[in-house]
Structures are given as C-alpha cells and as structure tokens.
Amino acid sequence: PELLERACMVLRQVMTSDRCQDPRHWPVMRLCRPHAEALFARGSAMDATAVSSSEMGLAAAFLAFEQGDHAGARRLQQRVLEVRTRVLGEEHPDTLRAMNNLAGTLSAQGDHPGARRLQERVLEAMTRVLGEEHPATLTSMSNLAHTLGEQGDHTGARRLQERVLEARIRLLGEEHRDTLAAKNNLALTLYELGDYAGAQRLQERVLEASTRLLGEEHPDTLTSMNNLAGTLRAQGDLPAARRHHEHALAAMTRVLGEEHPDTLRSMYNLTVTVAAQGDRAGALRLLRQCLYARRKVFGENHPDTVATAKALSRLEAQPPTTPPSS
C-alpha cells in the first residue's frame, strides 16, 4: 500500500490538468494513461488506498474526456464513483465531486436528462452538507444551469446563474475570476434568450476587467473577446465581430499555438462570421484548415472534428453567390 500510494503521488505530479488539456503534452499523457488506470484498478481493491488511487482514475478520465474519448471517460468515472461511494459514503464532498464529473461526461454524450438527475442530487447534497454559498455548491449550481440550457430551459438556467452571480459578487467581489466566469455564463444564457443587448453589456464588462486584471493576451481575456464577437454578430455588426475574432485568433495562435483546442475553436468562430459576411471562399479556406488541424489533434471521431466536417460539407454544398451584373 505504501508503494502504491507513492506511485500515485508521483504519477499525479506528471498527469496534471494543464498537461491533460494541452495537445502538446498528449504523447506523454497517452503513455501515462495505462499506468494511471492500472494503479486505480489495483488501489481500488483495497480500502486503504482506494481514495488516493481513485485520483488516478479521475486523471485518466479527464485525459480521455479532453481527447474526445467520452465512453472511456464515462467508464472510469462510473468506477471512481462506485469506489468513493463505498469507501467515503454517498455525501462525502469527494464522492459528490466524482458524481459531478460523471454528469459532465453524460452531458457531453448528449444524455442531458441523466446529467441533470446527477447534478440535482449533487446540488441538493452539497447545499445540505456544505451550505448554500460554499464554492463547491455554487459550482454545482452553475453546472446544473449549463445542463438546463442544453435542454432548452434557458429561463431556468438564468435563474440559477443569477443566484450564482449574486453570491459570487457578495463573497468574492465584482472582479474575482470566478465572478467574471459567472457573468460570462449568464451572458451566454441571455444570448440564447435573445437579449443580445444584455449579453453585450455583461460581456463588455467582463472583457474590460479581464484585460485590466489578466492582460490583453491571457486566454480568459481572449475567450471573452470571442464571446463578445458572437453577440456582435448576432446583432448584425459583422465588421466589429470579425475584428474581434481575428484579433483573438491571432493572439491565441501566438500564445497557445496553432493547434491548441482554444485556437481551433476561435478559428471556427471566425469562420461563422466570415461566412455571414458572404465571404464563402474565405470561410471555406478557414474551415478546411480547422478540419485538418482538428483531425490531426483530436482524431476523426472527436465531436469537434465531426461538427467541423459537417459544417464544411454544408458550406461546400451551397452554390457560390454570383455578383450582380453591371
């Protein structure tokens, strides 16, 4: 048990969340994953090492999720949840965290009802065990709001997100990163509800604060810029939307690299705006570049790759627009 604990500790120092999210580290992370799963399998059989080894199960699941292997992530997360429930009990914070992770994977697989059931259980238990305004409780509430939005219940999502934002402002202040994230989430829901002006106001405040506090080229700032660009596009301000998208893409390419998932997401968003401007050739060029990179980084069956391939097929099927004759 002592050696197994030590092995888990050492491998966890290698399989950090940042590395599991960064494709540049994936070759090494892929080599680590079988070892993480083996440590989890061995350790989960002994109560003395079950909790620490379950962290390796979560690390392997996180890597699987980031690489688009949602089925593999779900299998590992279900096993982690079983182990923690057995050893720690149903309402231990670590058990609830495992349940929350599983819910996120169910949502990514399209099982929003299943995700919602788990998230409602987590939120109820966390509220009772940790309190209504514990950071983990507020995060759980935010996750449930996201699932409600995915199910089309944007009004329900808005109610929860407003509660989260109010608590974050009161507990952390207007400009804490968690508060800015809560503002951003609410803005996305306002967008879905058609309140583009309300979404824009929040997004502009988030972008200003993020630029001032984190810097112009921090990933959070660039994500905020991308979100604002989408709202500007929805309101018909295509030139401003394109300027924001192009600025964000250039900075992400410089800061994160050409093949980082956030860079490719930014490229895809720019494609939508370019197409909306009627620049079919430019949109096709960007989409083909994005698809090539996503296939290389994620593989053929990753949801982002599939979505990009479908978008490219739709655009290719559209007839080129012919300029009016003079």
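For every chain, the first residue of the written sequence is number 1, and numbering continues from 1 onward in sequence order. Note on the predicted model: pLDDT of at least 70 is required for a residue's local features to be given, and 80 or more for side-chain atom pairs to be given and counted; whole-chain, interface and lining totals, by contrast, use all residues. Neither water nor hydrogens contribute to the side-chain values; these are computed over all heavy atoms in the structure.

K.L.:
Is there a simple way to explain the packing of aromatic side chains in this structure?
P.N.:
Each pair of aromatic rings is reported with the distance of its centres and the angle of its planes. Aromatic pairing here means that ring centres of Phe, Tyr or Trp (its six-membered ring) are within 6.5 Å. Orientation follows from the plane angle: under 30 degrees is stacked, over 60 is edge-to-face, and everything else is tilted. Under the defined criterion, the tally for this structure stands at 2 aromatic pairs. Ring centres of W26 and F298 lie 6.0 Å apart, and the angle between their planes is 50°; on these two criteria the pair is classed as tilted. In this pair, W26 is assigned in helix α3 (residues 26-43) and F298 in helix α15 (residues 280-298), connecting sequence segments 272 residues apart. Relative accessibility thresholds used throughout: buried, under 20% of the residue-type maximum; exposed, over 50%; partly exposed, between the two (1.4 Å probe, protein chains only). On the basis of relative accessible area, W26 is assigned to the buried category, the value being 2%. Consider the rings of Y191 and Y196, whose centres lie 5.2 Å apart with planes at 55°: the pair is tilted. For Y191, a relative accessible area of 24% puts it in the partly exposed group. We count a stretch as a helix when DSSP gives it H or I for four or more residues in a row; a strand needs E for two or more, and each element gets its number in order from the N terminus.

K.L.:
Mind showing me how you'd approach the nonpolar core here?
P.N.:
Side chains of a nonpolar character, in soluble globular proteins, are inclined to be buried together. Judged by nonpolar contacts, the single largest core of 39 residues is most densely connected at L11, M15 and M56. For this core, the secondary structure elements donating two or more residues are α1 (2-14), α3, α4 (47-66), α5 (70-88), α6 (93-108), α7 (112-129) and α15. Contacts are assigned to residue pairs that have any heavy atoms within 4.5 Å of one another. Not counting residues within four places of it along the chain, the set of residues in contact with M56 comprises C8, L11, R12, M15, A36 and L39. Residue types Ala, Val, Leu, Ile, Met, Phe, Trp, Tyr and Cys, when buried and joined through side-chain atoms within 4.5 Å, form a set referred to as a nonpolar core. Judged by nonpolar contacts, the second largest core, of 15 residues, contains A157, L165, L186 and L190.

K.L.:
What is the right way to look at the pattern of salt bridges in this model?
P.N.:
Between side chains of opposite charge, pairing is possible as soon as their charged atoms come close. Think of a salt bridge as a Lys or Arg side-chain nitrogen and an Asp or Glu carboxyl oxygen that are within 4 Å of each other. If you walk through the whole model with that rule in mind, you get 25 salt bridges. The residue R242 makes a salt bridge to D279 at a minimum N-O spacing of 3.8 Å. Placement of R242 in helix α13 (residues 238-256) and of D279 in the loop between α14 (261-276) and α15 is noted, with a sequence separation of 37 residues between them. When salt bridges with common partners are traced through the structure, they connect R33, E37, D69 and R75 into a single cluster.

K.L.:
Explanation requested: the state of the cysteines in the structure shown.
P.N.:
One way to say it: the disulfide is the covalent bond shared by the sulfur atoms of two cysteines. For this text, the term disulfide refers to a pair of cysteine sulfurs within 2.5 Å. Summed over the entire model, instances satisfying the criterion amount to 0 disulfides. Sulfur of C8: no disulfide; nearest cysteine sulfur belongs to C32 and is 13 Å away. Judged by its relative accessible area of 4%, C8 is buried.

K.L.:
Just checking my understanding: could you explain helix α12 (residues 219-234) for this structure?
P.N.:
Residues separated by three or four positions in an α-helix point in the same direction, a consequence of the helix having 3.6 residues per turn. With 16 residues, α12 extends 23 Å from end C-alpha to end C-alpha; this agrees with the ideal 22 Å at 1.5 Å per step. Regarding α12, the residues found buried are T221, L222, S224, M225, N226, N227, L228, A229, G230, T231 and L232. Where α12 is buried, its residues contact α10 (177-192), α11 (196-214), α13 and α14. Positioned one or two residues after α12, G236 has a phi angle of 90°, which is positive. Each helix should span, by expectation, one fewer than its residue count multiplied by 1.5 Å.

Nothing here speaks to function; it is all geometry.
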